[in-house]
Amino acid sequence: MNDSIEAVENVFARDVVGGLSADVKTLPSRWLYNERGSELFEEITRQDEYYLTRAETSILRERQRDIANFIEPGAVLIEYGAGAGVKTELVLSGLRDPRGYVPIDVADAFLAETSRRIASRFPSLWVRPSAQFPGCI
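Residues numbered from 1 in each chain as written. Predicted model: local features only at pLDDT ≥ 70, side-chain atom pairs only at ≥ 80, totals over all residues. Heavy atoms only, no water.

Trainee: Describe the pairing of strand β1 (residues 76–80), naming the residues involved and giving the relevant values.
Mentor: Here β1 runs beside strand β2 (residues 100–105); their pairing, made up of five bridges, is parallel. What sits directly across from I78, in β2, is V102. Handedness of the β1-helix α5 (residues 86–94)-β2 crossover: right-handed. (Pairing = 2+ DSSP bridges. Helix = DSSP H or I, 4+ residues; strand = E, 2+ residues; numbered from the N terminus. Right-handed = clockwise from strand over helix to strand, strands pointing away.)

Trainee: Kindly report on the nonpolar core, identifying the contributing residues and their values.
Mentor: Membership of the largest hydrophobic core is limited to 12 residues, which are L60, A82, L90, V91, L92, L95, Y101, L111, I118, F122, L125 and V127. Contributions of two or more residues to this core are made by α5 and α6 (108–121). No other element matches the three residues that α5 contributes to this core. Once residues lying within four places of it in the same chain are set aside, the contact partners of L95 are I67, A68 and I71. (Core = buried A, V, L, I, M, F, W, Y, C linked by side-chain atoms within 4.5 Å. Buried < 20%, exposed > 50% of the residue type's maximum accessible area, 1.4 Å probe, protein only. Contact = heavy atoms within 4.5 Å.)

Trainee: Quick rundown of the pattern of salt bridges? Include the residues and the values.
Mentor: Pairing between side chains of opposite charge can happen when the charged atoms of each approach one another. In this structure the tally under the stated criterion is eight salt bridges. E113 is the partner of R116 in a salt bridge, and the nearest nitrogen-oxygen pair spans 3.2 Å. Note that R116 and E113 are positioned in helix α6 at a spacing of three residues, about one turn of the helix. It is possible to trace a salt-bridge network through shared partners that takes in R36, E39 and E43. (Salt bridge = Lys/Arg side-chain N within 4 Å of Asp/Glu carboxyl O.)

In structure tokens, the structure reads:
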């Protein structure tokens, strides 16, 4: 068996046994974000009841100039939990000559799609995705 697959399986087993053995049962959300899980989350964020994405998007639109003035030209944007990267596009479009974008996520197939979309929208930007636990979910 591949060492990296074995390592991921060990982490998964540790998370499951530890989380389900606790008094309050838990599982880390990273095990839920395969391609379908990511699609479901994106659907949830579009529901009227889920105001967080709309609020964050509104703040980013209102503060786009402030963000751009704070960040030097040629910056590299690193984003944990990149997801679909929709809000990231707002930030990148406001920056002065951004150099790169490093999206980090647990859903590697979803991350690849987001990276392709960002790279095509911003052709002068280098994009280097980083999947955490790639291929495991």
